[in-house]
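As a plain string of letters, each chain reads:
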Amino acid sequence: MSSLPRMMDNASGDLLYPRAEVLAGPPIALGCMHMGGAWDANASIPREAKEKARAAVETALELGWNFFDHADIYCHGKSEKVFAEVVEELGVSREEIILQSKCGIRFPGDPSPKCPHRFDFSADYIEASVEGSLQRLGTEYLDILLLHRPDLLAEPEEVLAAFDRLRNDGKVRHFGVSNFPPHVLDLFREAGFIPVANQVELNILRTSLFDDDVVASRRLPAPGHPADGTLAWHRRHGVVTQAWAPLAYGYPSGRKPDWDHERVHATANVVRDIARIHDVQEEAVVIAFLLRHPAGIQPVIGSRNPERLRASDAARRIRLSREDWYRLYLAGRGEPLP
Ligand SMILES: NC(=O)c1ccc[n+]([C@@H]2O[C@H](COP(=O)([O-])OP(=O)(O)OC[C@H]3O[C@@H](n4cnc5c(N)ncnc54)[C@H](OP(=O)(O)O)[C@@H]3O)[C@@H](O)[C@H]2O)c1
């Protein structure tokens, strides 16, 4: 079995999913986490969940979003399963869509009762997880596989050997990561791997990755956030930034806050004001806030509500001014700039 070239930078990388290809269509992905209905391994998929999944997939395709984000664990595999059923019923061909899944998180009790919740980047587990996703998704290959959360016991060489086999067997085309901080990205880069994407939590109410770049006069030290932040790392190395929870679960766009009331209210007010100026729904502003950033952020939207998906899509038709972007940032950050 031939080994893959390991020099994977933006110019020459064999494993690198070309940025232009990832973002060739609309830069928004549909997150499929909730599609299975419940996080219960034994429950069957309720009819209502399937109907919602179908409505979301249909709407996404209608909007031209052909990028679908999964993970082996979502609703214990049921999200991948119901997605495959829906796609088959809708007669969507495999080549029309980009399928991304993730591996590396293990539930407590898997496989035996004393096993704790943990992260697992062992080669055996990565390869078994991909087999499971392929089976549930009813496909022969994943376009992209992400490592879900850094495994503290990870050996980069072992991970890359598993990637080589998956790639050579035609099971996975490109590889990326999720929730990786810069120092772990560095560790894997030194072993020869630059991910095509890093999926991180980033939205108007979770601005810490933006805050990394504001180093002067910090009120508080920022543990785990050196000045050399994640988004700068992505831009230097051509890694696509995928934002999970990009709608911030709806709190800045009308959902009643049950936490940090003052900051959430203030942010929702600014969002509403800017939405009026652009004659769009609030969701468009929340997503436009991410699209405006020069890192080229790809929001991974988890709504199953067709109206909300359409409202979010309007983000592509507006461009926030620098002043509006900073109004939103300051409200969501909840702290003045130095
Ligand atoms: N890599 C990771 O570690 C990680 C972690 C979490 C998620 N993800 C990915 O990111 C995707 C998106 O994440 P997410 O779904 O948690 O967050 P999200 O996209 O910010 O929010 C979507 C959720 O918020 C609800 N919502 C949105 N606006 C609302 C409003 N105004 N009122 C009431 N509810 C509202 C949606 O309900 P409706 O369906 O009713 O619109 C849906 O349940 C997931 O599907 C998954 O693919 C990745």
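Our structure is the block above this text.
No experiment lies behind these values; they were computed from the predicted model shown.

> Is there a simple way to think about the pattern of salt bridges in this case?
Pairing of side chains with opposite charge becomes possible as their charged atoms draw close. Scanning all chains against the criterion turns up 22 salt bridges. A salt bridge links E80 to R136; its shortest N-O distance comes to 2.8 Å. Here the residue E80 occupies a position in helix 3 (residues 78-90), and R136 occupies one in helix 4 (residues 123-137), the gap between them amounting to 56 residues. Take E80: its relative accessible area is 0%, and that puts it in the buried class. Between R316 and D313 there is a salt bridge, with the nearest N and O atoms lying 2.6 Å from each other. On the accessibility criterion, D313 (3% relative accessible area) is buried.

> When you look at the nonpolar core in this model, what are you seeing that I'm missing?
Note that soluble globular proteins tend to have their nonpolar side chains buried in a common cluster. One finds F83, L145 and L147 to be the most contacted residues of the largest nonpolar core, which totals 83 residues. Counting residues per element, this core draws most heavily on helix 10 (residues 282-291), which supplies seven residues. Leaving out residues up to four positions away in the same chain, L147 has contacts with C103, F121, I126, V159, F163, G176, V177, S178, F180 and F188. The next biggest cluster of nonpolar side chains, apart from the first, holds nine residues, and it includes V196, A197, V240 and V300.

> I tried to follow the site of the ligand on my own but got confused; where do I start?
Surveying the vicinity of the ligand reveals 28 residues, the closest of which are D69, S178, S303, R304 and R308. Residue Q199 places a side-chain N or O atom 2.9 Å away from a nitrogen atom belonging to the ligand. Here the ligand, which alone exposes 900 Å², has 86% of that area covered by the protein. A breakdown of the residues in the shell around the ligand according to their chemical character gives 11 nonpolar, 11 polar and six charged.

> What's the story with the packing of aromatic side chains in this structure? I'm lost.
All chains considered together, the criterion is met by 16 aromatic pairs. Between W39 and Y74, the ring centres sit 6.1 Å apart and the planes meet at 65°, which makes this aromatic pair edge-to-face. Of this pair, W39 sits in the loop between strand 1 (29-31) and helix 2 (47-63) while Y74 sits in the loop between strand 2 (67-69) and helix 3; the two residues are 35 residues apart in sequence, bridging distant segments of the chain. What makes Y74 buried here is its relative accessible area of 6%. Geometrically, the ring pair formed by F68 and F83 is tilted, given 5.0 Å between the ring centres and 55° between the ring planes.

> What am I meant to see in the environment of S79 here?
With respect to the helices and strands, S79 occurs in helix 3. With relative accessibility at 0%, the residue S79 sits in the buried group. Remark: the alpha-carbon pair of S79 and A49, spanning 30 residues in sequence, is separated by 9.3 Å. Ignoring anything within four residues of it in the chain, the contact list for S79 reads C32, M33, H34, M35, G36, H70 and Y74. Only 3.4 Å separates the side chain of S79 from the backbone oxygen of C32, close enough to count as a polar contact.

> Can you help me understand the pairing of strand 6 (residues 142-147) in this one?
In the case of a regular strand, side chains alternate between the two sheet surfaces. Within strand 6, six of the six residues are buried, leaving the element largely enclosed by the surrounding structure. Looking at chain direction, strand 6 and strand 7 (residues 172-178) are connected through five bridges and run parallel. Directly across from L145, in strand 7, lies its bridge partner F175. Chirality of the crossover, the property in question, places the unit of strand 6, helix 5 (residues 156-168) and strand 7 among those that are right-handed.

> Can you help me understand the packing of helix 10 against helix 11 (residues 306-313) in this one?
Packed helix pairs are characterised by how far apart their axes lie and by the angle those axes make with each other. At a closest axis distance of 7 Å, the pairing of helix 10 and helix 11 adopts a crossing angle of 50°. As judged from the angle between their axes, helix 10 and helix 11 are oblique. Seen along the crossing, helix 10 lies across helix 11 with a hand that is right-handed. Of the residues in helix 11, those touching helix 10 at E283, A284 and I287 are R308, A311 and S312. Broken down by class, the residue content of the contact of helix 10 with helix 11 amounts to three nonpolar, one polar and two charged.

> Which parts of the structure should I look at to understand the sheet that holds strand 9 (residues 240-244)?
Backbone hydrogen bonds hold the strands of a sheet together, and the pairing may be parallel or antiparallel. Around the barrel, eight strands lie side by side as 1-2-3-6-7-8-9-10; this closed barrel has parallel pairing. The average angle at which neighbouring strand axes cross in this sheet is 30°, direction not considered. In this structure, strand 9 lies alongside strand 10 (residues 298-301), joined through three bridges in parallel fashion. Within the sheet, the bridge partner assigned to Q242 lies in strand 10 and is Q298.

> How should the pairing of strand 3 (residues 98-103) be read in this particular structure?
For strand 3, the tally of buried residues reaches six of six residues, placing the bulk of the element in the interior. In strand 3, alternate side chains face the same way, and those of I98, Q100 and K102 on one face and L99, S101 and C103 on the other are all buried. Alignment of strand 2 against strand 3, held across three bridges, turns out to be parallel. Along strand 3, the bridge assignment pairs F67 with I98. At this point the chain moves from strand 2, through helix 3, to the parallel strand 3, and the crossover so formed is right-handed.

> Just to check I follow, could you spell out unusual backbone geometry for this structure?
Negative phi is the rule for most residues except glycine; trans is the rule for most peptide bonds. A cis geometry characterises the amide bond from D110 onward to P111, with omega recorded as 5°. Considering the arrangement of structural elements, one finds P111 in the loop between strand 4 (105-106) and strand 5 (118-119). Its identity is not glycine, yet C75 carries a phi of approximately 50°, on the positive side. Structurally, the position occupied by C75 is in the loop between strand 2 and helix 3. Note on C75: relative accessible area 0%, which makes it buried. Although it is not a glycine, A248 sits at a positive phi angle of roughly 50°. Relative to the elements of secondary structure, A248 occurs in the loop between strand 9 and helix 9 (261-278).

Cut-offs used in this document
Residues numbered from 1 in each chain as written. Predicted model: local features only at pLDDT ≥ 70, side-chain atom pairs only at ≥ 80, totals over all residues. Heavy atoms only, no water. Salt bridge = Lys/Arg side-chain N within 4 Å of Asp/Glu carboxyl O. Helix = DSSP H or I, 4+ residues; strand = E, 2+ residues; numbered from the N terminus. Buried < 20%, exposed > 50% of the residue type's maximum accessible area, 1.4 Å probe, protein only. Core = buried A, V, L, I, M, F, W, Y, C linked by side-chain atoms within 4.5 Å. Contact = heavy atoms within 4.5 Å. Near = heavy atom within 4 Å. Polar contact = N/O pair within 3.5 Å; in protein donor to acceptor, adjacent residues only side chain to side chain. Areas by Shrake-Rupley, 256 points an atom, 1.4 Å probe, with all protein chains shown as cover. Nonpolar A, V, L, I, M, F, W, Y, C, P; charged D, E, K, R; others polar. Phe/Tyr/Trp six-rings, centres within 6.5 Å; stacked < 30°, edge-to-face > 60°. Pairing = 2+ DSSP bridges. Right-handed = clockwise from strand over helix to strand, strands pointing away. Axes fitted to C-alpha atoms, helices over the stretch in contact; angles between N-to-C directions. Parallel < 35°, antiparallel > 145°, perpendicular 65-115°, else oblique. Left-handed = near helix turned anticlockwise from the far one by under 90°.

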